[in-house]
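# Topology and contacts: notes
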Amino acid sequence: MKKVELLSPVGNMETLYFAIHNGCDAVYFAGKKFGARKFANNFSEEEIVDAIKYCHLYGVKAYITVNTLMFDNELEEVLEYIDFLYKANVDALIMQDIGLIKKTHELYPNLEIHISTQSHNHNDHGIDFFEKLGATRIVLDREMSLDEINRLNTKLEKEVFIHGALCVSYSGCCLFSSMNGGRSGNRGECVASCRLKYDLFKNDQQIKTDGKYLLSTKELNTLNHIKELIESGISSFKIEGRMKSPEYVGFVTRLYRKAIDKYYNNEDMTISEEDIYNLKKLYNREFTEGYLFNKSGKELMNIKTPNHLGVEIGRVIEYDRKYIKILLTDDVNQEDGIRLPNNEGMILNRIYNNKLLLVNKIEKGNILVIDNKVNLKEKGKVLKTIDKKLMEELKKYTEKKIPIDIEIICKINNPIKMIINDETNTISKEYSKVEKADNYPIEKDRIIKQITKLGNTPFSVNNIKLDIDENIFISIKDLNELRRSIIDELIELRQNKKKNYQKVNYQEIVKNKKNNKININVLIRTKEQLEACISNNIDIIYTEDKLLYEEYKDKCNIYLKLPRVLLKHPNYKDERLLITEIGSLNAFKENNNLIADYTLNITNKESIKLLEKNNVNLVTISPEITIERLKNIDKFDSDIQYIIYGTIELMIMKYCPLKMLENNDNNNCNLCSRNNKYYLKDQNNFKYPVLNTKHYTHIMHKEPINNIKDIKLCLEKGINNFRVDLLYETKQEIENIIKEIKKELGD
């Protein structure tokens, strides 16, 4: 039975050591570019080489993230980087961009590729598409339940997040950060818009909530479900946290290592209260078992705070302008971090006992006195957010040792022979010569002592076997030299065991099918909008309303926009479809007329070529190719659609704020079927419309993008399809928009 892999996050070399020596089987990390955690420390190329060698020395796999969307001017550089990683002996790349995945597999057919959760992996057809591209593993959407994961039909390894921060939006489906400041979550620059304050409104009336952080999730924690997860056949358990501290990564890795090992050893898997308490001290926004175990609403979200909560360690019982008195329910040490009832945090550089004497520790049950540096004017609970003693304890991990078997053969007049085996490698080495002793023969115990002096090496002796003649003499110096030599050789072999480097000179010839006809295409949401488009001779109309599509598909050139989340694909044949996720591309490419939506995150010509090869007739490029970026790219030689005006979808969520906040998590909720307008308002008073479709929530941009004045630039770049995405626009507003577009086109 192949054991499940424990995969730990690594943001720097120190964290790498903590992860490995606390029991991970694999780590994932990034270089300075092309990784989806741009603001982690990440690794230089020199550090990458050292990190991979260190991992392999300890039998740990090294996966490197190259999981951002790529622009055309980056493709040459990223392929050079991938070549470097391959030569550095990386075990796998974690990737998102479909064009880059295709190109990488063509050039390096035996380089292992894992498909990032950023690719929105949630159905059989999407997974099958990536398997055909050469992937070996799929990192599944965090919105999938364990039952849904078990129903997937794939030969690929399945990787699942089991601990850490959750995105409220489906991964790879969030443009919030990008559209609100140009820092793309798809390119590792997310500013965590979901952790900010919002108010919820219905028809301009604010809905009262007991917190302001309406999009902030709790932390995933599945420690109590390791048995079910292992028995589901998942290949890899992934911990989130490349921006977390080494101590956090080490401790979380240790807890899951302990739980996994207990399962395979048939031991009691109960997690101790002390371990959970310490875990809360390190980092928690409260814990949830997540969508994996069908949690939703208040079981999933913490709308009161997006910050680390720590643990409650007492209450403020008295304060004045100078001091704060806290009755403790847990010990406090100097240099601990706390958060007070006014939400102000501080490091306890000076602590006093009840007699106002400076001390370095106050035990629970006693009164802690601190300086009132934050002008506290209220009583209430006090949280510990940093535990100095715990952090110091976690720094003292025991270094991992690799068990080896040793065999020593000492025959008179033959060389000393030493054979070592680490279960993967066997090395045999001879040195010097065994002589018959004249006076004082060497004892077997002395040979064993010298051969097993492994000191600071990463090895420990599992078994030792001796085949030694009686009455022999061997120099201690020779034994030491033989041991050092063979151990050095094993280290070198473990660190540098190379895969067979294969680079193929692959050059695909693609015949482009460009249609030079200029079209105006419109996404509509109502029948009134649809009829306004027909009366204005719109070339292509898109609707996600299946009834409208069926009513009008024989009357105009209308396409059905498919959902972004499809666990199962219906049977479509001879239909016109706007596809929004990779599974639909794979499911419907043979017998339907397909247009790719911007939600496929297409940002380069390799991805466009791949879609065309899969029978897509028109590709909508991502709005992350802004007008400024458009100025610096080459002319398109394919049929391209560009959103010239419209309200962009910023997020799609399985979580429904309406059900939780207005309907108190009532399972009979039908709010989305009523004719109300909901929106979120941020601290800058921007309003983000909230839409619901079939149990999924869509957050729209605060305003329409408007690039109509840049149509001439688009024409120069070979763009021949101009798209408008309507939201609440009236017939007159639609006519004005179309009139303005036609004017810029010269009609």
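Residues numbered from 1 in each chain as written. Predicted model: local features only at pLDDT ≥ 70, side-chain atom pairs only at ≥ 80, totals over all residues. Heavy atoms only, no water.

### Re the pattern of salt bridges
So the rule is basically this: Whenever a carboxyl oxygen of Asp or Glu lies within 4 Å of a side-chain nitrogen of Lys or Arg, that contact is scored as a salt bridge. Secondary structure elements are defined from DSSP: runs of H or I of at least 4 residues count as helices, runs of E of at least 2 residues count as strands, and each element is numbered from the N terminus. Only protein chains enter the accessibility calculation, which uses a 1.4 Å probe. A residue is then buried if its area is under 20% of the maximum for its type, exposed if over 50%, and partly exposed in between.
With the rule as written, the count across this model stands at 49 salt bridges. We note a salt bridge from Glu740 to Lys709, for which the minimum N-O separation is 4.0 Å. Taken together, the positions of Glu740 in helix H21 (residues 731–745) and Lys709 in the loop between strand E40 (705–706) and helix H20 (711–716) put the pair 31 residues apart, joining distant regions of the chain. Residue Glu740 is classed as partly exposed on the basis of its relative accessible area, which comes to 27%. Residues participating in the shared-partner salt-bridge network are Lys2, Glu5, Arg137, Glu157, Glu159 and Lys238.

### Quick notes on the environment of Val90
Put simply, the rule reads: Contact criterion: two residues are considered in contact whenever any of their non-hydrogen atoms come within 4.5 Å of each other.
Among the structural elements, Val90 can be located in the loop between helix H3 (75–87) and strand E4 (92–95). For Val90, a relative accessible area of 1% corresponds to the buried category. Along the chain, Val90 and Ile64 lie 26 residues apart, while their C-alpha atoms are 7.2 Å from each other. If we ignore the near neighbours within four places in the chain, the residues touching Val90 are Ile52, Ala62, Ile64, Leu85, Leu111 and Lys499.

### Section: the nonpolar core
Keep this limit in mind: Here, nonpolar core means buried Ala, Val, Leu, Ile, Met, Phe, Trp, Tyr and Cys residues that are tied together by side-chain atoms lying within 4.5 Å of each other.
If you look at the biggest cluster of nonpolar residues, it comprises 162 residues, and the most contacted ones within it are Phe29, Phe130, Phe237, Leu630 and Ile644. Counting residues per element, this core draws most heavily on helix H9 (residues 246–264), at 10 residues. If you look at the next biggest cluster of nonpolar residues, it comprises 41 residues, including Phe176, Cys194, Met651 and Leu658.

### Examining empty space enclosed by the protein
Cut-off, in case you're wondering: Put simply, the grid is 1 Å and covers the protein atoms alone, a cavity is a trapped set of points that fit a 1.4 Å probe, a pocket is an open set with protein on both sides within 12 Å along at least five of seven lines, and lining residues have an atom within 4 Å of a point. Grid points are joined across faces, edges and corners, and a volume is the space filled by probe spheres set on the points. Residues are sorted three ways: Asp, Glu, Lys and Arg are charged, Ala, Val, Leu, Ile, Met, Phe, Trp, Tyr, Cys and Pro are nonpolar, and all the rest, Gly among them, are polar.
Taken as a whole and judged by the stated rule, the model has 9 cavities of 30 Å³ or more. Taken together, 19 residues line the largest cavity, and the ones lying closest to its centre are Gln118, Ser119, Thr599, Leu600 and Asn601. Split into classes, the residues belonging to the lining of the largest cavity amount to 7 nonpolar, 9 polar and 3 charged. Considered as a void within the structure, the second largest cavity measures approximately 80 Å³ in volume. Looking at the lining of the second largest cavity, the elements with two or more residues in it are strand E38 (687–693) and strand E39 (696–700). Residues that form the lining of the second largest cavity fall into these classes: 4 nonpolar, 2 polar and 5 charged.

### Side note on the pairing of strand E23 (residues 402–410)
For the record, the criterion: Two strands pair if DSSP finds at least two bridges between them.
For E23 and strand E27 (residues 459–468), the ladder comprises 9 bridges, and the chain directions are parallel. Considered in E27, the bridge of Ile408 is made with Leu466. Judged from the 5 bridges that link them, E23 and strand E24 (residues 416–421) form a sheet pairing that is antiparallel. Bridged to Ile406 within E24 is Ile420. Hairpin connection from E23 to E24: 5 residues lie between these consecutive antiparallel strands, with Asn413 at a positive phi of about 70°.

### A word on the packing of aromatic side chains
To describe a pair of aromatic rings, one takes the distance between the centres and the angle between the planes. Keep this limit in mind: Two aromatic rings from Phe, Tyr or Trp, using only the six-membered ring of Trp, form a pair when their centres are within 6.5 Å; if the ring planes differ by under 30 degrees the pair is stacked, by over 60 it is edge-to-face, and anything between is tilted.
Counting across every chain of the model gives 17 aromatic pairs. Aromatic side chains Phe129 and Phe130 sit 5.5 Å apart centroid to centroid with 80° between the ring planes, which places their arrangement in the edge-to-face category. When its relative accessible area of 3% is taken as the criterion, Phe129 is described as buried. Owing to a relative accessible area of 1%, Phe130 belongs among the buried residues under this scheme. Aromatic side chains Tyr542 and Tyr559 sit 6.0 Å apart centroid to centroid with 65° between the ring planes, which places their arrangement in the edge-to-face category. Taken together, the residues span a long stretch of sequence, with Tyr542 in strand E30 (residues 540–543) and Tyr559 in strand E31 (residues 558–561) at a distance of 17 residues. Comparing Tyr542 with Tyr559, the two get one shared label, buried. The structure contains a cluster of three or more aromatic residues connected by ring pairs, namely Tyr17, Tyr54 and Tyr58.

### Observations regarding the state of the cysteines
So the rule is basically this: Only a pair of cysteine sulfur atoms within 2.5 Å counts as a disulfide in this structure description.
Following the criterion strictly, the structure yields 0 disulfides and no others. Of all cysteine sulfurs in the structure, the one in Cys190 sits closest to Cys194, which takes part in no disulfide; the separation is 6.0 Å. Given a relative accessible area of 13%, Cys194 falls into the buried group.

### Concerning unusual backbone geometry
Look at His120: it is not a glycine, yet its phi comes out positive at around 65°. For His120, the position within the fold is in the loop between strand E5 (113–115) and helix H5 (124–132). In this structure His120 comes out as buried when scored by relative accessible area, which is 10%. In this structure, Asn203 takes a positive phi of about 50° despite not being glycine. With respect to the helices and strands, the residue Asn203 is situated in the loop between strand E8 (199–202) and strand E9 (205–207).

### Examining H21
In plain terms, the rule: Expected span of a helix, by definition, is 1.5 Å for each gap between consecutive residues, and there is one gap fewer than residues. In this description, one arc is meant: the one made by directions from the helix axis to the C-beta atoms.
For H21, which comprises 15 residues, the first-to-last C-alpha distance of 21 Å matches the rise-based estimate of 21 Å (1.5 Å per residue) to within 8%. When H21 is considered as a whole, its buried residues turn out to be Ile734, Ile737, Ile738, Ile741, Glu744 and Leu745. Along the axis of H21, the buried positions cluster into a sector of 120°, meaning they face one direction only. Turned more than 90 degrees from where H21 packs its buried face, Lys739 and Lys743 sit exposed. At its buried positions, H21 is contacted by strand E29 (519–523), helix H14 (527–535), strand E35 (640–646), H20 and strand E41 (721–725). Immediately downstream of H21, the backbone of Gly746 shows phi near 90°, a positive value.

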